[in-house]
Amino acid sequence: MVVGRTATEERRADLIFRALADRTRRDVIRRAMSGTLSVSALARLYPMSTTAVQKHVAVLEEAGLVHLRRHGRQQLVQTEIDTVAKAQALLAEFEQLWRGRLDRIGDVLAQPIDGDRA
Amino acid sequence: MTVIAVDRDPIARTLTIVAEFDKPAERVWQVWADPRQLERWWGPPTYPATVVDHDLSEGGRVTYYMTGPEGERLHAWWRIISVDPPRSLAFEEGNAYDSGPHDDPPTTSIKVRLVETHEKTTMTITCRFAPTPDGEVPGAGTEKGMRLAVGQIDAILTTTWP
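Treat the numbers as computed from the prediction; the structure is a model and nothing was measured.

Now for the sheet that holds strand β1 (residues 37–38) of chain A. The strands making up a sheet are joined through hydrogen bonds of the backbone, oriented either antiparallel or parallel. Residues and elements named next belong to chain A. Across the sheet, 3 strands lie side by side as β1-β3-β2; this open sheet has antiparallel pairing. Every other strand in the sheet has two partners, leaving β1 and β2 (66–71) as the edge strands with one partner each. Relative to strand β3 (residues 74–79), β1 is paired through 2 bridges, and the arrangement is antiparallel. Note on β3: the bridge partner recorded for Leu-37 is Val-77. Running at roughly 115 degrees to β2, helix α4 (residues 50–62) makes contact with β2 and β3 of the sheet.

Here's what the structure looks like:
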């Protein structure tokens, strides 16, 4: 857990990363960058039913990673690059957390071990 | 300590960070293996960690809490996936709401690898957020498409994220 982050931010981070925790959904995000693929066009790319693909798209939409827009009779899927960038920013937060930890490990290693017999 | 490399992959939801220490691997390993040393670096100064259980064996549990400025306690746990002292450690981490059962799904899986060369040790830490339980083996077909698209994403992120 990242200390100092609010519960809402924590939930949002969780929602984004859980949405990304699936190979098909990650692939959808990559392919929907240009926003020219419809749900049914995406469905043809995977060995699963259109309904299954629709469910994946719904999870992505809930996490704010894609949005759907009408184009004639089709529903086009568009990746929300801002949310991908948000995931990137979350990783940057974790990077700061780990940089702090690594600094402190350096300090621990520079000192003799507590209760050292030496 | 010097951080020598960092890689953030938002879609793979991984953070990899590589640091170098001026100590042999056996010594660096102790910061994980000795709970009293672990306590000195795991939590930030404002949220120091207290390690309760510390069983660094395969399937073993580590439980700890961090104490905040108001005296509040944030409980969390590790489940050890694999351990090979002083070379590697893999575990899952999750939050707990008190010191009770730890059946929440893990929030992160963490892999630690130590490589010693000439009295120096590089430690590579890989964190994967919201880890999938059954591992991932991307199909060869999608992999190629993914690599292509990763380039695209990098390009977009560089423009939106200076």
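A word on the environment of Arg-8 of chain B. Take Arg-8 of chain B: it is sitting in strand β1 (residues 2–9). Since its relative accessible area comes to 32%, Arg-8 of chain B is described here as partly exposed. Along the backbone, Arg-8 of chain B and Arg-36 of chain B are 28 residues apart, and their C-alpha atoms lie at a distance of 30 Å. Among all residues touching Arg-8 of chain B, those that are not within four sequence positions of it are Gln-88, Leu-91, Ala-92 and Glu-95 of chain A together with Thr-14 and Leu-15 of chain B. Only 2.4 Å separates the side chain of Arg-8 of chain B from the side chain of Glu-95 of chain A, close enough to count as a polar contact.

Glancing now at empty space enclosed by the protein. In the structure shown here, the tally under the stated rule is 2 cavities of 30 Å³ or more. In this structure, the largest cavity occupies an estimated 70 Å³ of space. Along the walls of the largest cavity sit 11 residues, with Phe-94, Leu-97, Trp-98 and Arg-101 of chain A together with Glu-93 of chain B positioned nearest its centre. Only α5 (81–110) of chain A together with β7 (108–117) and β8 (120–129) of chain B provide two or more residues apiece to the lining of the largest cavity. Tallied by class, the residues present in the lining of the largest cavity amount to 8 nonpolar, 1 polar and 2 charged.

On to the interface of chain A and chain B, then. Between chain A and chain B, the residue contacts involve 37 residues of the former and 54 residues of the latter. Summed over both sides, the interface of chain A with chain B buries roughly 4,600 Å², with 71% coming from carbon and sulfur. At the boundary of chain A with chain B, the tally comes to 1 salt bridge. The residue Glu-95 of chain A makes a salt bridge to Arg-8 of chain B at a minimum N-O spacing of 2.4 Å. Where chain A touches chain B, the interface holds 6 residue pairs in polar contact (both at pLDDT 80 or more). Of all the secondary-structure elements, those providing two or more residues to the side of chain A that touches chain B are α1 (7–20), α2 (23–31) and α5 of chain A. With 20 residues, the top contributor of residues to the side of chain A that touches chain B is α5 of chain A. Its residues assigned to classes, the side of chain A that touches chain B shows 21 nonpolar, 3 polar and 13 charged.

All names here are of chain A. For Tyr-46, the position within the fold is in the loop between α3 (39–43) and α4. In this structure Tyr-46 comes out as buried when scored by relative accessible area, which is 8%. Expressed as a C-alpha distance, the spacing of Tyr-46 and Asp-27, which sit 19 residues apart in the sequence, is 9.9 Å. When near neighbours in sequence (up to four residues on either side) are disregarded, Tyr-46 contacts Thr-24, Asp-27, Val-28, Arg-31 and Val-53.

The rules we used
- Residues numbered from 1 in each chain as written.
- Chains lettered and ligands numbered in written order.
- Predicted model: local features only at pLDDT ≥ 70, side-chain atom pairs only at ≥ 80, totals over all residues.
- Heavy atoms only, no water.
- Pairing = 2+ DSSP bridges.
- Helix = DSSP H or I, 4+ residues; strand = E, 2+ residues; numbered from the N terminus.
- Contact = heavy atoms within 4.5 Å.
- Axes fitted to C-alpha atoms, helices over the stretch in contact; angles between N-to-C directions.
- Buried < 20%, exposed > 50% of the residue type's maximum accessible area, 1.4 Å probe, protein only.
- Polar contact = N/O pair within 3.5 Å; in protein donor to acceptor, adjacent residues only side chain to side chain.
- 1 Å grid on protein atoms, 1.4 Å probe; cavity = no way out; pocket = protein on both sides within 12 Å on 5 of 7 lines; lining within 4 Å.
- Points joined across faces, edges and corners; volume = space filled by probe spheres on them.
- Nonpolar A, V, L, I, M, F, W, Y, C, P; charged D, E, K, R; others polar.
- Buried area = accessible area lost by both parts, 1.4 Å probe.
- Salt bridge = Lys/Arg side-chain N within 4 Å of Asp/Glu carboxyl O.

By themselves, these figures tell us nothing about what the structure is for.
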